[in-house]
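# Topology and contacts: notes
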Amino acid sequence: MSRAGYELPRSAFHLAVAALLLVGASGRAAGDAARGKELFANCAVCHGASGEGNEKLKAPAIAAMPQWYVEAQLQKFQTGARGAHPDDIEGLRMRPMSMTVKGEANISAVAAFVAALAPVRPAATLSGGDANIGKATYAVCAACHGPAGEGNPALKSPPLTQTQDWYLMAQLTKFKTGVRGTRPEDASGATMRPMALMLADEQAMKNVLAYVRTLAR
Amino acid sequence: MLTRYVEAASSYAQDIDGLITLITVLVGFWFLVAQAVLFGLIFRFRAKQGVKAQYISGEEKSQKRWVTIPHMLVLVCDVFIIVGAVRVWTDVKQTLPPADHTVRIVSQQWAWTFIQPGPDGKLDTEDDIKTIDELHVKEGATYHFQLLSRDVLHSFSVPAFRLKQDAVPGRLITGWFKPTRPGAYDIQCAEICGIGHGIMAARLFVETPEEHQKWMEKLSPVARAPTPQAEAEQENTPPAEGASAGAGAE
Ligand SMILES: [Cu+2]
């Protein structure tokens, strides 16, 4: 057997192994996506088939929320860092749903699926907010949520432009009253809470959210 | 007898088990007798060569006796069951023994909130202790519960107490229980209440008076902090906080 004749099958073998590995890897990625879709069927009941949210159920739009944020929130719901306050009616409803996603791999899979959904631009439901006054207030928020409300993963701040204003309003109220962001293990919630406390009243919240809406367009 | 399968941890658990046993034995006895007669007759009047089938209308006295005599005997058994059932029902549901403590139970989709008085012994004061999906009670004390619902029908079910009570939106339903055995037990929702009904579970901790005192002292100053103990006890422990922080930083 010549040297070349020996080399050929060996490189062919390497090629075959490489091909197998590739197929295996892409198979796994496809598996995760399929798993994410499968898991999301449970979420669609409330958050809608395209993650567009449902006001009657007080479930916000989550479509295109960044993967890191969805993962972090699911973990918070599971550990009780969020949604375990006696007065957090909607959070208490979301919490058992988070428990249906077991283990980090599944959390990532469903979060990746949510992140890949097309973003929605929900219609306004709040009225009476003054975006001009809100703009001044938003200067503070921009430090974390970004000048265009796009969020900032380094500061664990979510985007504010892809979800409903009634939901954002409810969250600001929850942060302010201590229903969200007060648990010792909720570090990122604790950074947001003083910001909500800074908003004097409902009108101030409406103003800043009216400005956030202008960013959404 | 049933305690071999489901622990009994309340003062009336034995009475309810007794009632279930009584019914099972009486009904079981008649069930076996009826099956024996049925199969005996099937065997005796099986198809035989050269014997024609007969149509029996069951109007003759000798035939009717097969129905009337067992019927009378079953009615006699019913009297025992009814007397037993009414006795237990009166004790458990119709009488309200004086309470040592009161706990408010708020059901909602899909969580149980338990509100207990803090050290001052009064509900609706600053030191109330609120816990989510976790109820701590003292062994040997009589509790009144005030059951509420925030949304739809639920049912507060504690198998170890042999207690099950529906929660109806708009109504405050009062009942009682007296825990008799320390331990950790299941609480579940026993009325279909939406997509999360199947996982609307909580834990019940029956504690000795000393343990209970310690728990109360630990919780009452921070009246609003529910303890994550119950989750830690569940099989599928959620990812640790470290994991959450890590995922957030990515
Ligand atoms: Cu329920």
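Residues numbered from 1 in each chain as written. Chains lettered and ligands numbered in written order. Predicted model: local features only at pLDDT ≥ 70, side-chain atom pairs only at ≥ 80, totals over all residues. Heavy atoms only, no water.

## Section: the overall build of chain A
Defined as follows: Every helix listed is a DSSP run of H or I at least four residues long, and every strand listed is a run of E at least two residues long, numbered separately from the N terminus. To sort residues, take the accessible area from a 1.4 Å probe on protein chains only and compare it with the maximum for the residue type: under 20% means buried, over 50% means exposed, and anything in between is partly exposed. Whether two residues are in contact is decided by their heavy atoms: any pair within 4.5 Å suffices.
Summing up its helical and strand segments, chain A has 8 helices and 0 strands in all. Secondary structure of chain A in N-to-C order comes out as α-α-α-α-α-α-α-α. Counting all 217 residues of chain A, 47% fall into the buried class. Considering only contacts within chain A whose residues lie at least 6 apart along the sequence, 66% involve residues at least 24 apart.

## Digging into the packing of helix H6 (residues 165-177) of chain A against helix H7 (residues 187-198) of chain A
Residue and element names in this part refer to chain A. For clarity, the threshold we go by: Geometry is summarised by axes, namely lines fitted to C-alpha atoms with helices restricted to the contacting stretch, and by angles between N-to-C directions that run from 0 to 180 degrees. Roughly parallel refers to an angle under 35 degrees, roughly antiparallel to one over 145, roughly perpendicular to one between 65 and 115, and oblique to any angle outside these ranges. Only Asp, Glu, Lys and Arg are considered charged, only Ala, Val, Leu, Ile, Met, Phe, Trp, Tyr, Cys and Pro nonpolar, and every remaining residue, Gly among them, polar.
Direction vectors running N to C along H6 and H7 enclose 95°, while the axes themselves pass 8 Å from each other. When the interaxial angle is binned, H6 and H7 end up roughly perpendicular. For the pair H6 and H7, contact is made by Leu172, Phe175, Lys176 and Thr177 and by Gly189, Met192, Arg193, Ala196 and Leu197, respectively. Looking at the contact of H6 with H7 residue by residue, the class counts come to 5 nonpolar, 2 polar and 2 charged.

## Quick word on the coordination of the copper ion
Residues and elements named next belong to chain B. For clarity, the threshold we go by: Only nitrogen, oxygen and sulfur atoms qualify as donors, provided they sit within 2.8 Å of the metal or within 3.2 Å for Na, K and Ca; with water excluded from the atoms, sites may seem incomplete.
Within the first shell, the copper ion binds the protein through His154 (ND1), Cys189 (SG), Cys193 (SG) and Met200 (SD), at distances of 2.1 to 2.4 Å. Going along the chain, you hit the donors of the copper ion in the pattern H-x34-C-x3-C-x6-M. Of the two residues, cysteine 189 is situated in strand S9 (residues 183-189) and methionine 200 in the loop between S9 and strand S10 (201-207); the sequence distance between them amounts to 11 residues. Both residues of the pair, cysteine 189 and methionine 200, belong to the buried class.

## Observations regarding the confidence of the model for chain B
Residues and elements named next belong to chain B. Put simply, the test is: Confidence of the predictor at the level of single residues is captured by pLDDT, which takes values from 0 to 100.
Within chain B, residue pLDDT values average 85, and 87% of them lie at 70 or more. Confidence, expressed as mean pLDDT per element, reaches its minimum in chain B at helix H5 (residues 241-249) with 35 and its maximum at strand S6 (residues 154-158) with 96. Taken together, the chains of this predicted complex give a pTM of 0.79 and an interface ipTM of 0.73.

## With respect to H7 of chain A
All names here are of chain A. To be explicit about the condition: It is the directions from the helix axis to the C-beta atoms whose arc is reported.
Turning to H7, its buried residues are Gly189, Met192 and Ala196. Buried residues in H7, looked at end-on, bunch into an arc of 70°, giving them a common side. What points out from H7, more than 90 degrees from its buried face, is the exposed set Ala187 and Thr191. Residues of H7 that are buried in the fold lie against helix H2 (67-79), helix H5 (131-145) and H6.

## Some thoughts on the sheet that holds strand S8 (residues 173-177) of chain B
Residue and element names in this part refer to chain B. What counts, and what does not: At least two bridges found by DSSP between two strands is the condition for calling them paired.
Taken in spatial order, the 5 strands line up as S3-S2-S1-S5-S8 in an open sheet, and their pairing is mixed. Of all strands in the sheet, those bounded by a partner on one side alone are strand S3 (129-132) and S8. Within this sheet the neighbouring strands show an average axis-to-axis angle of 25°, counted without direction. Two strands pair when backbone bridges link them, and strand S1 (residues 101-108) and strand S2 (residues 111-116) are joined in this way by 5 bridges, in the antiparallel orientation.

## A closer look at the packing of aromatic side chains
Put simply, the rule reads: We call Phe, Tyr and Trp rings a pair once their centres come within 6.5 Å, taking the six-membered ring for Trp, and we label the pair stacked below 30 degrees between planes, edge-to-face above 60, and tilted otherwise. Working rule: Lys NZ or Arg CZ, within 6 Å of ring centre, within 35 degrees of ring normal, means a charge sits over the ring.
Throughout the structure, instances matching the rule amount to 12 aromatic pairs over all chains. Seen in terms of ring centroids, tryptophan 166 of chain A and tyrosine 167 of chain A are 6.4 Å apart; in terms of plane orientation they differ by 90°. Their pairing is edge-to-face. Per residue, the accessibility class of tryptophan 166 of chain A equals that of tyrosine 167 of chain A, and both read buried. Taken together, a centroid distance of 6.2 Å and an interplanar angle of 50° make the contact between phenylalanine 145 of chain B and phenylalanine 156 of chain B tilted. Here phenylalanine 145 of chain B is found in strand S5 (residues 143-149), whereas its partner phenylalanine 156 of chain B is found in strand S6, with 11 residues between them in sequence. Residue phenylalanine 156 of chain B is classed as buried on the basis of its relative accessible area, which comes to 1%. Three or more aromatic residues link up through ring pairs in this structure, and these residues are Trp112, Phe114, Tyr143, Phe145, Phe156, Phe161 and Phe177 of chain B. Here the basic side chain of lysine 58 of chain A rests over the ring of tryptophan 166 of chain A, its NZ or CZ set 5.6 Å away from the ring centre.

## Focus: the nonpolar core
Rules: Throughout this description, the term nonpolar core refers to a set of buried Ala, Val, Leu, Ile, Met, Phe, Trp, Tyr and Cys residues connected via side-chain atoms within 4.5 Å. The split of the chain into domains comes from an automatic or database domain assignment.
By size, the foremost hydrophobic cluster in this structure holds 53 residues, and its most contacted members are Trp112, Phe114, Leu135, Phe156, Phe177, Ile187 and Leu204 of chain B. Top contributing element to this core by residue count: H2 of chain A, with 5 residues. Lining this core are residues from two domains, each supplying at least three of them: domain 1 (2-47 + 54-94) and domain 2 (101-229) of chain B. The residues contacting phenylalanine 114 of chain B, other than those within four sequence positions of it, are Val103, Arg104, Ile105, Ile129, Lys130, Thr131, Asp133, Glu134, Leu135, Phe156, Ile187 and Ala202 of chain B. Residues Met192, Val208, Tyr211 and Val212 of chain A belong to the second largest nonpolar core, which totals 19 residues.

## A closer look at the pattern of salt bridges
All names here are of chain A. As a reminder of what qualifies: A pair is scored as a salt bridge if a Lys or Arg side-chain nitrogen falls within 4 Å of a carboxyl oxygen belonging to Asp or Glu.
Tallying each qualifying case throughout the model produces 11 salt bridges over all chains. In this structure, aspartate 88 engages lysine 174 in a salt bridge whose closest nitrogen and oxygen atoms are separated by 2.6 Å. Taken together, the residues span a long stretch of sequence, with aspartate 88 in the loop between H2 and helix H3 (89-98) and lysine 174 in helix H6 at a distance of 86 residues. Judged by relative accessible area, which is 2%, aspartate 88 ranks as buried. Exposure remark for lysine 174: the relative accessible area of 10% places this residue in the buried category. Between glutamate 202 and lysine 206 there is a salt bridge, with the nearest N and O atoms lying 4.0 Å from each other. With glutamate 202 and lysine 206 both in helix H8 (residues 202-216), this residue pair falls 4 residues apart, about one helical turn. The structure contains a network of salt bridges with shared partners spanning Asp88, Glu90 and Lys174.

## Points about the packing of helix H1 (residues 13-44) of chain B against helix H2 (residues 61-94) of chain B
Residue and element names in this part refer to chain B. One way to put it is that H1 packs onto H2 with a least axis distance of 9 Å and a crossing angle of 170°. By the angle class used here, H1 and H2 are roughly antiparallel. Here H1 contributes Asp15, Ile16, Leu19, Leu22, Ile23, Leu26, Trp30 and Val37 to the contact with H2, which in turn contributes Trp66, Pro70, Leu73, Val74, Cys77, Phe80, Ile81, Gly84, Ala85, Val88, Asp91 and Val92. Of the residues in the contact of H1 with H2, the class split is 17 nonpolar, 1 polar and 2 charged.

## A word on the domain arrangement of chain B
Residue and element names in this part refer to chain B. Filter applied, for reference: Put simply, buried area is the surface a 1.4 Å probe can reach on two separate parts but cannot reach once they are joined, added for both. In protein, a polar contact means a hydrogen-donor-capable atom and an acceptor-capable atom, both N or O and within 3.5 Å, with residues adjacent in sequence counting only if both atoms are side-chain atoms; elsewhere, any N or O pair within 3.5 Å suffices.
In terms of domain boundaries, chain B breaks down into domain 1 (2-47 + 54-94) and domain 2 (101-229). With centres defined by C-alpha atoms, the gap from domain 1 to domain 2 works out at 37 Å. Contacts between the two partners involve 15 residues from domain 1, matched on the other side by 14 residues from domain 2. Ranking the residues of domain 1 by area buried against domain 2 places Glu7, Ala9 and Tyr12 at the top, with a combined share of 44%. Here domain 1 and domain 2 share 2 salt bridges between them. The interface formed by domain 1 and domain 2 contains 14 residue pairs in polar contact (both at pLDDT 80 or more). Taken together, the elements giving at least two residues each to the side of domain 1 that touches domain 2 come down to H1 and H2.

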